[in-house]
Each structure stands twice: as C-alpha cells, then as structure tokens.
Amino acid sequence: AKFAKKPSANTECEKCISPKTSRSGATNCSVCVEDYYLDRGACYKCPKVGVSCPAYTKLESIALKRGYWREHTSTIMVLECATNPKACRGGNVSSYCADDLHGPYCTICNRDYGRRHTSDVCLPCNTYYKLTNSIWIVICFLALVVGLLYLFLRSRKFRSKDDAFTKHMIDMRVRYDILRTKFKIALSTLQILTTFPSQFRLPYPTSFRHIC
C-alpha cells in the first residue's frame, strides 16, 4: 500500500512519498519499497551487487547473495568472497559464513578446527592431524618406491655399459690375435726368403736381386 491513515479521528489517507511506503492498514509511511532499505527512519538505495532487497527491507535484514560477506548487520559495506565463494553462504542472519568459519571473508576456522589452505574445508583438529599424518605416510612410501626403482634402473644401465665394454674388449683381443698371427707369418716368410741363398748356396736371379 502506498497510502497511510492520518493519526486523527478522520479516515483520510495521504500518499507516501517514494521510496517510502506503508504496510496494509498502517498509520504511517515507515517502510521502504523494493531495492531500498530502511535505516534510522530513512530509505536508502541498496547496493547494486551482492544483495537482495525486497520491499520492507531494513539495514539489519538485508539478504546477502551467496559468495558475499559483510562484517555485521549494521554496515552496508558488502564485499565479495573472491578466494573461496562457498565459504560465504550469504543470507540475512548475523553470521554470513558457512559452518565452522568466521572472520573477514569467512577465512578463519572456528576453535578446534583447522585446514591447510583457505580453499579447503575446515576439519576438526583430530581429523585434520590424522589426515595430515596419513598424507605424509603415503608420500614417504611413494618416495621409497621411486628411490628403489631409480637404483634398480641405474644398476641395469651400468650393467649394460659394462657388458658393452666387455664385448668391445673381446673383439679387440680377437682382432689383435689375428693381426699378430699374420704378422708372425709375414715375418717368418721374410726370414726364410732372406736366408734362402745362404742356406742352399743358390743366389737369387739378377732381376730379383735388383728389385729387392
């Protein structure tokens, strides 16, 4: 209703001046229209984002949207919970934070609760420490497995290198033995040829001696 009765014996009504209005049957214009809130008898425009202001809204009853926070019900400063929107549940109650949270932007866990990061859920301290210990046990186990796997692969790598080196040395020894045998044969042949005239008292032909 946009009219209110005068507080007199007659039944005449005067039109409320927007953004003020009145409830049905009221005798004065004591509430605000939609998108306005009442504070100390005056109507003010609601913030453009983060709130919902239906008709008859008061400063202390402004409904915050999910993901927004304000320090208390007597302030109009509404802030966005950019880090962890789920922590700020909004509404029009005295606490705008999710369960087990409080403080600026709902980033602080309540007493006997804890977490590692602001984006994590607050857990009871006993559960939190048990979870932390379990995580460290898993990390240590994985580190041990990785270390053993590294040592195993490293030993195989060195073994492969040793096998290749051994094979190379064997090949070199075989080649050396073949060359040594050929060298001995060539040396023996040369010795026979050089001692042939003296042993059999037969000189080499002139053409052969000229070549040699």
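Basis of the calculations
Residues numbered from 1 in each chain as written. Predicted model: local features only at pLDDT ≥ 70, side-chain atom pairs only at ≥ 80, totals over all residues. Heavy atoms only, no water. Helix = DSSP H or I, 4+ residues; strand = E, 2+ residues; numbered from the N terminus. Buried < 20%, exposed > 50% of the residue type's maximum accessible area, 1.4 Å probe, protein only. Salt bridge = Lys/Arg side-chain N within 4 Å of Asp/Glu carboxyl O. Disulfide = S-S within 2.5 Å. Core = buried A, V, L, I, M, F, W, Y, C linked by side-chain atoms within 4.5 Å. Contact = heavy atoms within 4.5 Å. Phe/Tyr/Trp six-rings, centres within 6.5 Å; stacked < 30°, edge-to-face > 60°. Lys NZ or Arg CZ within 6 Å of the ring centre and 35° of its normal.

Engineer: Please set out the side chain of Thr75 residue by residue, giving values where relevant.
Structural biologist: Positionally, Thr75 belongs in the loop between β9 (68–69) and β10 (79–80). Taking the relative accessible area as the measure of exposure, Thr75 reaches 18% and is therefore buried.

Engineer: Explain the pattern of salt bridges residue by residue, including any values.
Structural biologist: Any two side chains of opposite charge can pair if their charged atoms end up close together. Considering all chains together, one arrives at 3 salt bridges under this definition. A salt bridge links Arg89 to Asp99, with the nearest nitrogen and oxygen atoms 3.2 Å apart. With Arg89 in the loop between β10 and β11 (101–102) and Asp99 in the loop between β10 and β11, this residue pair connects regions lying 10 residues apart in the sequence. A residue is classified by how much of its surface remains accessible, and Arg89, at 37% relative accessible area, is partly exposed. A relative accessible area of 58% means that Asp99 is categorised as exposed. A salt bridge links Arg180 to Asp177; the shortest N-O distance between them is 3.8 Å. Placement of the pair is Arg180 and Asp177 together in helix α1 (residues 125–200), with a separation of 3 residues, close to one helical turn. The exposure class of Asp177 is partly exposed, given its relative accessible area of 27%. A single salt-bridge network, built from bridges that share partners, covers Arg173, Asp177 and Arg180.

Engineer: Provide a residue-level description of the state of the cysteines, including the pertinent values.
Structural biologist: Covalently bonding the sulfur atom of one cysteine to the sulfur atom of another cysteine gives a disulfide. If you walk through the whole model with that rule in mind, you get 6 disulfides. Covalent S-S linkage joins Cys32 and Cys43, the inter-sulfur distance amounting to 2.0 Å. Here the disulfide of Cys32 and Cys43 is left-handed, its torsion about the S-S bond being about -95°. Here the residue Cys32 occupies a position in strand β4 (residues 31–32), and Cys43 occupies one in strand β6 (residues 42–45), the gap between them amounting to 11 residues. In this structure, Cys32 and Cys43 share a single accessibility class: buried.

Engineer: Lay out the nonpolar core in plain terms, naming residues and giving numbers.
Structural biologist: Formed by 19 residues in total, the largest nonpolar core has its most connected members in Val51, Ile62, Leu64, Trp69, Leu101 and Cys106. Ignoring sequence-local partners within four residues, the contact set of Ile62 consists of Tyr37, Val51, Cys53, Thr57, Arg70, Ile76, Gly91 and Asn92.

Engineer: Mind laying out the packing of aromatic side chains, listing which residues take part and the relevant values?
Structural biologist: By convention here, two paired aromatic rings are described through the distance between centres and the angle between planes. Summed over the entire model, instances satisfying the criterion amount to 2 aromatic pairs. The ring of Tyr56 carries Arg23 above its face, with NZ or CZ at 4.3 Å from the centroid.

Engineer: Report on unusual backbone geometry, specifying residues and quantitative values.
Structural biologist: Note that the residue after Ser18, namely Pro19, is joined by a cis bond; omega there is 15°. If you trace the backbone, Pro19 turns up in the loop between β2 (13–15) and β3 (20–21). Positive phi values are uncommon outside glycine, yet Asp35 reaches one of about 75°. Checked against the element boundaries, Asp35 lands in the loop between β4 and β5 (36–39). Unusually for a residue other than glycine, Tyr56 sits at a positive phi of about 75°. Locating Tyr56 in the fold gives a position in the loop between β7 (51–52) and β8 (63–64). Classification of Tyr56 as partly exposed rests on a relative accessible area of 32%.

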